[in-house]
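# Structure at a glance
Chain residues, written in single-letter form:
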There are 4 protein chains.
Amino acid sequence: LCDLRSDTVTRPDAGMLQAMAAAELGDDVFGEDPSVNRLEAVLAERLGKDAGLFLPTGTMSNFTAMLAHCQRGEEVICGRGYHVYAYEAVGASVLGGIALCPVAVRGDGALDPAEIRSAVREDDPHLPISRLLSLENTHNGLAVPLADMAAAAGAGRAAGLSVHLDGARFFNAITALGCSETDLAGLADTVSVCLSKGLGTPAGSVLAGPSDLIAKARRWRKMLGGGMRQAGVLAAAGLYALEHNVARLAEDHARAAEMAGVLRSLGAGEVVQATNMVFFTPADGRNDGLRAHLAADGVVIGGGSSGAIRIVLHRDVDDAALARAVQGLKSFYG
Amino acid sequence: LCDLRSDTVTRPDAGMLQAMAAAELGDDVFGEDPSVNRLEAVLAERLGKDAGLFLPTGTMSNFTAMLAHCQRGEEVICGRGYHVYAYEAVGASVLGGIALCPVAVRGDGALDPAEIRSAVREDDPHLPISRLLSLENTHNGLAVPLADMAAAAGAGRAAGLSVHLDGARFFNAITALGCSETDLAGLADTVSVCLSKGLGTPAGSVLAGPSDLIAKARRWRKMLGGGMRQAGVLAAAGLYALEHNVARLAEDHARAAEMAGVLRSLGAGEVVQATNMVFFTPADGRNDGLRAHLAADGVVIGGGSSGAIRIVLHRDVDDAALARAVQGLKSFYG
Amino acid sequence: LCDLRSDTVTRPDAGMLQAMAAAELGDDVFGEDPSVNRLEAVLAERLGKDAGLFLPTGTMSNFTAMLAHCQRGEEVICGRGYHVYAYEAVGASVLGGIALCPVAVRGDGALDPAEIRSAVREDDPHLPISRLLSLENTHNGLAVPLADMAAAAGAGRAAGLSVHLDGARFFNAITALGCSETDLAGLADTVSVCLSKGLGTPAGSVLAGPSDLIAKARRWRKMLGGGMRQAGVLAAAGLYALEHNVARLAEDHARAAEMAGVLRSLGAGEVVQATNMVFFTPADGRNDGLRAHLAADGVVIGGGSSGAIRIVLHRDVDDAALARAVQGLKSFYG
Amino acid sequence: LCDLRSDTVTRPDAGMLQAMAAAELGDDVFGEDPSVNRLEAVLAERLGKDAGLFLPTGTMSNFTAMLAHCQRGEEVICGRGYHVYAYEAVGASVLGGIALCPVAVRGDGALDPAEIRSAVREDDPHLPISRLLSLENTHNGLAVPLADMAAAAGAGRAAGLSVHLDGARFFNAITALGCSETDLAGLADTVSVCLSKGLGTPAGSVLAGPSDLIAKARRWRKMLGGGMRQAGVLAAAGLYALEHNVARLAEDHARAAEMAGVLRSLGAGEVVQATNMVFFTPADGRNDGLRAHLAADGVVIGGGSSGAIRIVLHRDVDDAALARAVQGLKSFYG
Ligand SMILES: [Ca+2]
Ligand SMILES: [Ca+2]
Ligand SMILES: [Ca+2]
Ligand SMILES: [Ca+2]
Ligand SMILES: [Ca+2]
Ligand SMILES: [Ca+2]
């Protein structure tokens, strides 16, 4: 099977499964799981933060970060298409009593400092209280340049906001930007990193930041029901991934570029590619036909009956799988 | 004094004060205030609805309407500049667990049916559940034509949404549109009407709608702390206003048009006028100077140090007051 | 009519209506209503607090106090039968995200310091964070002695809690206790006082406390929809009541004692009386019969078909009305 | 090590780890993880329910159940010492806007039907709306008899409530009661079962119930951040546990009884035992001394410096470990 719908579909490989089975475990609700503690410490250090917190998902990582930063009635400024606004069911508002203020995302995935400045609220009882700026990198595969990140974060800080980074694909971002982990993480107070996407683990995210905020986030994690017991079985997968699966993200980017090149050469529609993602919009609108054609060859793509199809490269798509997908595309459009 | 900042500044006149003092009163928490019951019945009938509910403010009227329409996790589609999104501190989200989805407001104050359609959510756990469309008329003084209201409401209903109308200035709208009360109110399930703006009462709003929704709203009013006892003292002002202060709204519109004409003749900046509001943007940016100049003559305008100044005509600005304001403007720009 | 159901049924008398009609008014959302400002200042000073806030109801006064004291996830310790827990629809939890921890109320209306101490939470993510102790005086008519109030407040403060006093009938309490306003108010950080019960106004409450908390409460008042415009019309009634209706509360207490004496002499059931309230439990269970009998004479009592009947004396029950009620009781049981 | 603090400390054994490594995996957010789907189906069938939902923790399982059953402003009646009220940080209120009404738990762990009936609310805007009865079995180790469960559930249903069962230790309960899984589960609409306690998995719970409620709970799981990707790695542990670790719970109960017998024979304090739990209250108050003494032998007990010590038997305490604990107790008190 060649599943190109998302890098979330990655399954643990033999080495990772072995690391999981060998993991030292304890009860993380008591703070006694050595693998969880190690993962939290390792990622905190790599991101240049005081402390880390392991969570079941990126959604909960972002949620606890917002709950830790913001009191009831305070507001998060974020990109309209960013995951915290667009794909987390507005949980920060619905359950957390936090207002979300979406601003336009530029074509390059960044937020415009001027947009941020104008979204910041005056002190007026008619308005919520601006508290946090939530950035995202990568966004739709786009690795937002450090300078743009710094400009946005700077605009937020100048207005007294704290800064959170949804780094669900943090390592794809630094791979593409060619920067260090702290170059990017240093721009934000808190950073959320997912382990289950390109890094290939079954589940889990880590939130890193200052000790006081992480202590608050830990408390919210408990209330949300994210305090698992022998979570080290998942944390061990994360530790393995940090060691073995970061450098190889460049391969995914390369395969994505190759896939984009093939699609462009077929002249079958618009193609946009960045890091491990390709967005392909069939000019003939035969999305459903293409999907069925590829599925017959064990190649799975997502999306609806029209518009852009997101194609995501990841660790479980090797050269052979890519070749199969390319062959399917060529035979459909050939 | 000639206070042009808002029509909320209207004070009760002698007739209204007399009506208030003469009002039959009872304990409205027990449902026994005859004046409240009469006001709720009168407005419900005039708006063609089953039932009415008296509330201390328009903010609470809109809030209870949203709470009555929407469960936790459901979403309201509304205009980005509409009061429920922009000036009610996002209380529906912060306290009520309701998501708000702001869409662009057209230049004429209406929502585009296509925008509404694209804001409606698919059934997907990543997304909130679309439930209510909240319209507004007038919006920034603009009386949105019935056909545009109907098109927006129709787009919402076709998607399974209920429709609420924030009619804070409902009677200004029908005065400008030349339509009946039910022509406008009939487009929405629930309608909120303010009594303390152009109608001139000290406080109070009425929410009208189907009996079941109004019963729910009544319950939320109690939880919010809006269940006053001898509220009939305010309701009597509302009843008086409905009888004496509706027809005269046309005078406010006429004075607003006169004021706009003067400003245009001065050539001092951009002028936009609709119903009882004028938005004047001084070309020379001397907002503060103008404000100080007028204040010396007892004419009060609001707004900041730059941008548009909102000038609102209302019952407490008669021809003499208007003349004073016009004189001030002429002497400043003359 | 002699309405003994509640002191909330009090209607403004001629003097109060005249004060309302003569009130200086302004837009309180702009902070410009002189009558509201005066009432807030007067009550703050009398209670020995920095600042006051006028609200439509006692429910909203308590609600905004809790929102101002407590962040999301923090907890209020209060009496199980206290109004904030038992009769405000748990709004602090439902809308405000505040946990409520009810503890047993002693027979004399006080909270036991030991109960308070044991209700305070350890610092543990499984538990909410204890933040506020909410007391009540009077409670079911009982004026809780200052020493008991001080002991409860002291237990709360020793555990790091702030203290709120629901003084819906604050002036009944100090009348019965024979203490000064600051003697009682000084035990709490914030105090809520109702104007529409024994004090006889149509509606309104005032929250008094430190400036920073009142500023926060003001903000929550706006979000809840309690920010009325010319609220001075109600505030003027409150100012009048503070001047004319405080000393006379002793008459209500005396009439309640007289009523209790009559009921005891009839030997018709259990009688408990304190301040302006009598709780009478008919031994023969003929609650409905008694209610119908009295209603025929224009005497209204509340309650269900069994158990205690609450009889409340207030400004609108004068000696003649009391005599009528006594006569009705005697003829029913004679 | 012999860790007697909780059965949550259980670690996966070799067979379970092998099952986890061999698990068929997929992306559960897409509904495509075969192991998760199998676990949900297996437990739903064993509990006689339409559908199941895998969640990271029991806290989230109970939380999503309450969110699925109750709208904003509705109330859950539960035992004061039950986990949903006492140890889940009141998240249902704080984040979910659900009121919790705690009632006294009887000495045998059951709720009294009369208490339930009197906790049900009248239809009154001053009160929340009663919606759900939440039971618990086992409670503090006590297996509540089916007849008592049925009486409580019956009282709830007669009042129109739905019924949830927090069966964190569901299989301990049926082991002790000698009943079938459906005998107990059939009394409730929804049942939450934990896999990480006596059943020995690293993490995970399952909520079972009617399809419509489970669909809603699935939606809330996503918003809370409980939608993991290849969750089958944990679900496989659960499937293994259901096959291998249910029958052996009787051993834990027998060892708990043995431990209780030893403590009683030492005459060192009060001893209460039920299912896999022993509550021992040292008569001499030397809790800290005992804890230190046992720790020197690698035996870990929890609790504070005074009061009852909870001793929990589970799969990771075999006869040798038990003997070590018994030896330590004897040498301390001998
Ligand atoms: Ca909430
Ligand atoms: Ca994965
Ligand atoms: Ca007014
Ligand atoms: Ca809330
Ligand atoms: Ca009154
Ligand atoms: Ca375990």
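All residue numbers refer to positions counted from 1 along the written sequence of the respective chain. To label them, take the chains in the order written and letter them from A, then take the ligands in the order written and number them from 1. This being a predicted model, a pLDDT of at least 70 is required before a residue's local features are given, and a value of 80 or more before pairs of side-chain atoms are given or counted; all residues contribute to the totals for chains, interfaces and linings. Water and hydrogen atoms were dropped before computing side-chain values, which therefore reflect all heavy atoms in the structure.

Coordination of the calcium ion (ligand 6) by the protein involves Gln 230 of chain A (OE1), Thr 8 of chain D (O), Thr 10 of chain D (O), Thr 10 of chain D (OG1), Ser 196 of chain D (O), Ser 196 of chain D (OG) and Thr 201 of chain D (O), with metal-donor separations of 2.5 to 3.0 Å. Placement of the pair is Gln 230 of chain A in the loop between helix H10 (211-224) and helix H11 (232-244) and Thr 201 of chain D in the loop between strand E7 (190-194) and strand E8 (205-209), with the two residues belonging to separate chains. The same class applies to Gln 230 of chain A and to Thr 201 of chain D, which are both buried. Donor atoms are limited to N, O and S found within 2.8 Å of the metal ion, a distance that becomes 3.2 Å for Na, K and Ca. With water left out, some sites might look partial. Strands here mean DSSP runs of E at least two residues long; helices mean DSSP runs of H or I at least four residues long; both are numbered from the N terminus. The cut-offs for exposure are 20% and 50% of the maximum accessible area for each residue type, with area from a 1.4 Å probe on protein chains only; residues under the lower value are buried, those over the upper are exposed, and the others partly exposed.

Glancing now at the relation of the copies chain A and chain D. Copies overlap after least-squares fitting; the atoms used are the C-alpha atoms of residues with pLDDT of at least 70 in both. Laying chain A over chain D is done by rotating through 180° and shifting 0.0 Å along the axis; what remains is an RMSD of 0.0 Å. The two molecules are tied by a two-fold rotation axis, judged by turn and shift. Within chain A, the C-alpha atom positioned nearest to the axis of rotation is that of Leu 95 of chain A, 2.3 Å from it. The fraction of interface residues of chain A whose copies in chain D are also interface residues reaches 100%, indicating that both copies meet through the same surface. Note on contacts: a residue pair is in contact if any heavy atoms of the two residues lie within 4.5 Å.

With that settled, the discussion passes to the sheet that holds E7 of chain D. Across a sheet, strands are paired by hydrogen bonds formed along the backbone, either parallel or antiparallel in direction. All names here are of chain D. The pairing criterion is simple: DSSP has to find at least two bridges between the two strands. One open sheet accounts for seven strands, arranged E2-E8-E7-E6-E5-E3-E4; its pairing is mixed. Each edge of the open sheet is held by one strand with a lone partner, namely strand E2 (51-55) and strand E4 (99-103). Along the sheet, successive strands turn relative to each other by an average axial angle of 20°, direction set aside. Bridge count between strand E6 (residues 162-167) and E7: four bridges; the pairing is parallel. Bridge pairing links Gly 167 to Val 193 in E7. Helix H7 (residues 146-158) rests against strand E5 (129-136) and E6 of the sheet, and its axis sits at about 170° to E5. Packing against the sheet, helix H10 (residues 211-224) makes contact with E2, E7 and E8, and its axis sits at approximately 20° to E2. Fitting a line to C-alpha atoms yields each axis, with helices limited to the stretch in contact; the angle taken between N-to-C directions then spans 0 to 180 degrees.

With that out of the way, let us pick up the pattern of salt bridges. Only one rule defines a salt bridge in this text: a Lys or Arg side-chain nitrogen within 4 Å of an Asp or Glu carboxyl oxygen. Inspection of every chain in the model, using the stated rule, returns 84 salt bridges over all chains. Its salt-bridge partner being Asp 3 of chain D, residue Arg 5 of chain D comes within 2.8 Å of it at the nearest N-O pair. Pair check on accessibility: Arg 5 of chain D and Asp 3 of chain D agree, each one buried. A network of salt bridges, in which partner residues are shared, links Asp 3 and Arg 5 of chain A together with Glu 32 of chain D.

With respect to the helices, strands and loops of the structure, His 126 of chain A is situated in the loop between helix H6 (113-119) and strand E5 (129-136). Beyond its immediate sequence surroundings of up to four residues, His 126 of chain A is in contact with Ala 86, Tyr 87, Glu 88 and Ala 89 of chain B together with Val 29 and Lys 222 of chain C.

Before going further, it helps to examine the coordination of the calcium ion (ligand 3). Coordination of the calcium ion (ligand 3) by the protein is provided by Thr 8 of chain B (O), Thr 10 of chain B (O), Thr 10 of chain B (OG1), Ser 196 of chain B (O), Ser 196 of chain B (OG), Thr 201 of chain B (O) and Gln 230 of chain C (OE1), with metal-donor distances spanning 2.5 to 3.0 Å. Of this pair, Thr 10 of chain B sits in the loop between strand E1 (2-3) and helix H1 (14-21) while Thr 201 of chain B sits in the loop between strand E7 (190-194) and strand E8 (205-209), placing them 191 residues apart in sequence. Grouping residues by exposure puts Thr 10 of chain B and Thr 201 of chain B together as buried.

Let's shift gears to the relation of the copies chain A and chain B. The transformation that overlays chain A on chain B combines an axial shift of 0.0 Å with a rotation of 180°, and the residual RMSD is 0.0 Å. Comparing interface residues between copies, 100% of those in chain A also lie at the interface in chain B; the contact surface is shared.

Contact residues are listed per partner, giving 20 residues for chain A and 20 residues for chain B. The term buried area means the drop in 1.4 Å probe accessible area that two parts suffer when joined, counted for both and summed. Taken together, the two surfaces of chain A and chain B that pack against each other cover about 1400 Å², and 60% of this comes from carbon and sulfur. Where chain A packs against chain B, one counts zero salt bridges. Throughout this description, a polar contact denotes any pair of N or O atoms lying within 3.5 Å of each other; where both atoms belong to protein, one of them has to be capable of donating a hydrogen while the other can accept it, and for residues adjacent in sequence the pair is counted only when both atoms sit in side chains. In this assembly, chain A and chain B are joined by two residue pairs in polar contact (both at pLDDT 80 or more). Contributing elements (two or more residues each) for the side of chain A that touches chain B: helix H4 (83-86), helix H5 (91-94) and strand E4 (99-103) of chain A. Polar here means any residue outside two lists: the nonpolar Ala, Val, Leu, Ile, Met, Phe, Trp, Tyr, Cys and Pro, and the charged Asp, Glu, Lys and Arg; Gly therefore counts as polar. Classifying every residue of the side of chain A that touches chain B by side-chain character gives 13 nonpolar, four polar and three charged.

A word on the interface of chain A and chain D. Residue-level contacts link 43 residues of chain A with 43 residues of chain D. Counting the surface lost from both chain A and chain D, the interface buries some 3300 Å², and carbon and sulfur atoms represent 66% of this. Among the residues of chain A in contact with chain D, Leu 95, Met 223 and Gln 230 of chain A are the three that bury the most area, contributing 21% of the side total. Note that Arg 5 of chain A is salt-bridged to Glu 32 of chain D, the shortest N-O span being 2.7 Å. The tally of links between chain A and chain D comes to 18 residue pairs in polar contact (both at pLDDT 80 or more).

With that settled, the discussion passes to the side chain of Ser 61 of chain A. Tracing the backbone shows Ser 61 of chain A in helix H3 (residues 58-69). When residues no more than four places from it in sequence are discounted, the contact partners of Ser 61 of chain A are Leu 55, Ser 192, Ser 205, Val 206 and Leu 207 of chain A.

Residues and elements named next belong to chain A. If you check which residues of helix H8 (residues 170-177) are buried, you get Phe 170, Phe 171, Asn 172, Ala 173 and Ile 174. On its buried face, H8 is in contact with helix H2 (34-47), strand E6 (162-167), helix H9 (181-185), strand E7 (190-194), H11 and helix H12 (249-266). Just past H8, the residue Gly 178 takes up positive phi, approximately 70°.

Here we come to the pairing of strand E9 (residues 269-274) of chain C. Residue and element names in this part refer to chain C. Of the strand pairs in this sheet, E9 and strand E10 (residues 277-282) are connected by six bridges, and their pairing is antiparallel. Looking at E10, one finds that Ala 274 is bridged to Met 277. In textbook terms, the turn of a hairpin is the stretch between consecutive antiparallel strands, and for E9 and E10 this stretch comprises two residues, one of which, Thr 275, has a positive phi near 40°.

As defined here, a cavity is a set of points on a 1 Å grid over the protein atoms alone where a 1.4 Å probe fits but cannot get out. A pocket is an open set with protein on both sides within 12 Å along at least five of seven lines, and residues line them when an atom is within 4 Å of a point. Grid points are joined across faces, edges and corners, and a volume is the space filled by probe spheres set on the points. In the structure shown here, the tally under the stated rule is 15 cavities of 30 Å³ or more. Of the pockets and cavities examined, the largest cavity occupies roughly 140 Å³. Taken together, 24 residues line the largest cavity, and the ones lying closest to its centre are Leu 95 of chain A, Val 94 and Leu 95 of chain B, Leu 95 of chain C together with Leu 95 of chain D. Every element with two or more residues in the lining of the largest cavity is listed here: H5 of chain A, helix H5 (91-94) of chain B, helix H5 (91-94) of chain C together with helix H5 (91-94) of chain D. Classifying every residue of the lining of the largest cavity gives eight nonpolar, twelve polar and four charged. There is about 90 Å³ of room inside the second largest cavity. Elements that contribute at least two residues to the lining of the second largest cavity include exactly E4 of chain A together with strand E4 (99-103) of chain B.

Time to look at the domain arrangement of chain A. Residue and element names in this part refer to chain A. Along its sequence, chain A is organised into domain 1 (11-244) and domain 2 (248-333). For the domains described, the bounds stem from an automatic or database domain assignment. The distance between the C-alpha centroids of domain 1 and domain 2 comes to 29 Å. Seen at the junction of domain 1 and domain 2, the total is one salt bridge. Ionic pairing is found between Arg 315 and Asp 13, a salt bridge with its closest N-O pair at 3.7 Å. Here domain 1 and domain 2 share four residue pairs in polar contact (both at pLDDT 80 or more) between them. With four residues, the single largest contributor to the side of domain 1 that touches domain 2 is H8. Grouping the amino acids of the side of domain 1 that touches domain 2 by side-chain chemistry returns seven nonpolar, eight polar and three charged.

Moving on, we come to unusual backbone geometry. The amide bond that connects Asn 137 of chain A to the next residue, Thr 138 of chain A, takes the cis arrangement and shows omega of 0°. Its place among the elements puts Thr 138 of chain A in the loop between E5 and helix H7 (146-158). Backbone geometry places Ala 89 of chain B, a non-glycine residue, at a positive phi of 55°. Looking at the element boundaries, Ala 89 of chain B is found in the loop between helix H4 (83-86) and H5. Even without being glycine, Asn 140 of chain B reaches a positive phi, approximately 50°. You can see Asn 140 of chain B is positioned in the loop between strand E5 (129-136) and helix H7 (146-158).

As a further point, take the sheet that holds strand E3 (residues 74-79) of chain C. Residue and element names in this part refer to chain C. Strand order in this open sheet of seven strands is E2-E8-E7-E6-E5-E3-E4, and the pairing throughout is mixed. Two strands close off the open sheet at either side, each with one partner strand: strand E2 (51-55) and strand E4 (99-103). Sheet twist, expressed as the mean angle between neighbouring strand axes with direction ignored, is 20°. The sheet contact formed by E2 and strand E8 (residues 205-209) spans five bridges and is antiparallel. When the sheet's bridge partners are listed, Gly 52 is paired in E8 with Ala 208. Contacts from helix H10 (residues 211-224) reach E2, strand E7 (190-194) and E8, with the element oriented near 20° to E2.

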